[in-house]
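# Observations on the three-dimensional arrangement
Okay, here's what each chain looks like letter by letter:
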Amino acid sequence: MPRIAGARLHVLPGTGHLSPLEAPSALAAIIRQFVAELEHGVGLPSTPEQVPVAFDANFNAGDIDGVIGLFSDNATMRMADGESVATGIHELRRQFSALLAGDAHLHNKVRLSLVSEDVALVLLDWTLTRRLPDGRDIDERGTATQVMARGGDGSWKLRISNPLGTR
């Protein structure tokens, strides 16, 4: 995948090598979404400031593949609980799957973006609204520090994300 510009990996649970036969509707939906993104220029972010926008859109749509696709393969993220650190795509997928299951809504706003060639430091303010098991909604806020890198295809991806900023 890293050598094919714009490529994405989508895992269809319960399918093998014959996904067109085993999960035709799910596969068709993924292809339709990919083509629509290409047609509307929504694909991978071409600036560091577009990464949080794409992250919000994917997160709020419950699209785990879209969220994970914004991270580099060897990305590291300190989770908002302040204790957990997720490293690599598989661990990030596990952490975000649990968070997305909690009916959460995220909004990021870029405060500052500093770019040096193919590396960017982005500071952003975020608000996360999620539902607790007892049915109450809770709002969490913070300022995140993120390091992004531009890939060979020109798109920007998260390498390091710390939603707790300097804490």
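Residues numbered from 1 in each chain as written. Predicted model: local features only at pLDDT ≥ 70, side-chain atom pairs only at ≥ 80, totals over all residues. Heavy atoms only, no water.

The next subject is a nonpolar patch on the surface. A cluster of nonpolar side chains, namely L112, L114 and L121, defines an oily patch on the protein surface of about 230 Å² accessible area. Residue position: L114 is located in strand β3 (residues 105-116). (Patch = residues over 30% accessible without salt bridge, like charges linked within 9 Å, V, L, I, M, F, W, Y side chains within 5 Å. Areas by Shrake-Rupley, 256 points an atom, 1.4 Å probe, with all protein chains shown as cover. Salt bridge = Lys/Arg side-chain N within 4 Å of Asp/Glu carboxyl O. Helix = DSSP H or I, 4+ residues; strand = E, 2+ residues; numbered from the N terminus.)

Note that soluble globular proteins tend to have their nonpolar side chains buried in a common cluster. Counting residues in hydrophobic clusters, the biggest one holds 28 residues, and the most contacted among them are F55, F59, F71, L92, F96 and M148. Breaking this core down by element, the ones donating at least two residues are α3 (50-60), α4 (64-68), β1 (71-78), α5 (89-100), β4 (119-131), β5 (137-150) and β6 (156-162). Per-element tally for this core: the top contributor is β4, with five residues. In contact with F59, other than residues within four places in its own chain, are V67, F96, L99, L100, A104, H105, L106 and L128. (Core = buried A, V, L, I, M, F, W, Y, C linked by side-chain atoms within 4.5 Å. Buried < 20%, exposed > 50% of the residue type's maximum accessible area, 1.4 Å probe, protein only. Contact = heavy atoms within 4.5 Å.)

Note that L123 resides in strand β4. Aside from chain neighbours lying at most four places away, what touches L123 is K109, V110, R111, L112, A144 and T145.

All right, on to the layout of surface pockets then. Approximately 450 Å³ is the volume attributed to the largest pocket. Elements represented by at least two residues in the lining of the largest pocket include exactly α3, β1, α5, β3, β4, β5 and β6. (1 Å grid on protein atoms, 1.4 Å probe; cavity = no way out; pocket = protein on both sides within 12 Å on 5 of 7 lines; lining within 4 Å. Points joined across faces, edges and corners; volume = space filled by probe spheres on them.)

Here we come to α5. If you check α5, its first and last C-alpha atoms are 16 Å apart, about what twelve residues at 1.5 Å a residue would give, namely 16 Å. The set of residues buried in α5 consists of I89, L92, Q95, F96 and L100. Axial view of α5: buried residues confined to an arc of 130°, hence all on one face. Exposed residues lying more than 90 degrees from the buried face of α5 are H90, R94 and A98. On its buried face, α5 is in contact with α3, α4, β1 and β2 (85-87). (Expected span 1.5 Å × (residues − 1). Arc of directions from axis to C-beta.)

This brings us to the side chain of N108. Its location among the elements puts N108 in strand β3. Within the structure, the side chain of N108 is placed 2.7 Å from the side chain of D56, a separation counted as a polar contact. With residues near it in sequence (within four places) discarded, N108 still touches P52, F55, D56, L124, D125 and W126. (Polar contact = N/O pair within 3.5 Å; in protein donor to acceptor, adjacent residues only side chain to side chain.)

Counted by the stated rule, this structure contains seven salt bridges. The shortest N-O distance in the salt bridge between R111 and D125 comes to 2.7 Å. Placement of R111 in strand β3 and of D125 in strand β4 is noted, with a sequence separation of 14 residues between them. Owing to a relative accessible area of 52%, R111 belongs among the exposed residues under this scheme. By relative accessible area, which is 27% here, D125 ends up partly exposed.

In short, shape yes, function no, at least from these values alone.
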